[in-house]
Amino acid sequence: MKARAVLPSAVPYADAVFNLGRVALLVAALATGQIHCLKVAMQDRLHQPYRQQLMPWLPKVFDAALQAGALGVHLSGAGPTVAAWCDDRQAAETVAQAMWQSLKDEGLNGTWRVVGLDAHGATVIQRS
């Protein structure tokens, strides 16, 4: 897959430290309910900058999400899914529309969904 191939085999020490700090902030923000920290906590230097060369529209979609009120935004895995975090359904719909419009302005198409967070984690539904 191209998105995996663009990742470097090693990353600069400063970028690793940057991301470790962001992970700690993310955990603390989620644990304490300080969701205003998500914008900073979701910043990344380990995969998004490299994958952006395959997705040049990514910064505009991120900006659209944040300008529309997203608490934080990130590229999900190898992409092309972009996830934005919001504190209520109405905000989420507004953010999703802004992100979709940003893609449309770039001549791209996409779909969006508003989903809730699972506060219980993974569960076994069926055992084999």
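The structure presented is a predicted model; accordingly, all values stated were derived computationally and were not measured. (Residues numbered from 1 in each chain as written. Predicted model: local features only at pLDDT ≥ 70, side-chain atom pairs only at ≥ 80, totals over all residues. Heavy atoms only, no water.)

Caption draft 1: Quick look at the overall build of the protein. Per the secondary structure count, the protein includes six helices and two strands. Ordering the α and β elements of the protein from the N terminus gives α-α-α-α-α-β-β-α. Structurally, the protein occupies a C-alpha span of about 40 × 35 × 35 Å along its principal axes. Each of the 128 residues in the protein was classed as buried or not, and the buried ones make up 27%. Long-range contacts, defined here as pairs at least 24 residues apart, represent 55% of the contacts in the protein between residues at least 6 apart. For the protein, the exposed area adds up to about 8,700 Å²; of that, 56% sits on carbon and sulfur atoms. Averaging the locations of the 11 positively and 9 negatively charged side chains of the protein gives two centres separated by 8 Å. (Helix = DSSP H or I, 4+ residues; strand = E, 2+ residues; numbered from the N terminus. Buried < 20%, exposed > 50% of the residue type's maximum accessible area, 1.4 Å probe, protein only. Contact = heavy atoms within 4.5 Å. Areas by Shrake-Rupley, 256 points an atom, 1.4 Å probe, with all protein chains shown as cover. Lys, Arg positive; Asp, Glu negative; His and termini not counted. Charge placed at Lys NZ, Arg CZ, Asp CG, Glu CD.)

Caption draft 2: How the structure looks around the nonpolar core. Core analysis: the largest hydrophobic core is formed by 13 residues, its most contacted members being Trp57, Leu58, Val61, Ala65, Val73, Val82 and Met99. Of all the secondary-structure elements, those providing two or more residues to this core are helix 5 (58-67), strand 1 (72-75) and helix 6 (89-105). Residue contributions to this core peak at four residues, all from helix 5. Sequence-distant contacts of Val82, that is, excluding residues within four places in its chain, are made with Trp57, Leu58, Val61, Phe62, Val73, His74, Leu75 and Met99. (Core = buried A, V, L, I, M, F, W, Y, C linked by side-chain atoms within 4.5 Å.)

Caption draft 3: Here's a closer look at helix 2 (residues 13-32). Taking 1.5 Å of rise per residue, 20 residues should cover 28 Å, and helix 2 covers 29 Å from first to last C-alpha, within 8% of that figure. Every buried residue of helix 2 is listed here: Asp15, Phe18, Asn19 and Ala29. Summarising the axial view, the buried residues of helix 2 lie within an arc of 90°, below the 170-degree limit, and thus occupy one face. Exposed side chains of helix 2 directed beyond 90 degrees from the buried face belong to Tyr13, Leu20, Val27, Ala31 and Thr32. (Expected span 1.5 Å × (residues − 1). Arc of directions from axis to C-beta.)

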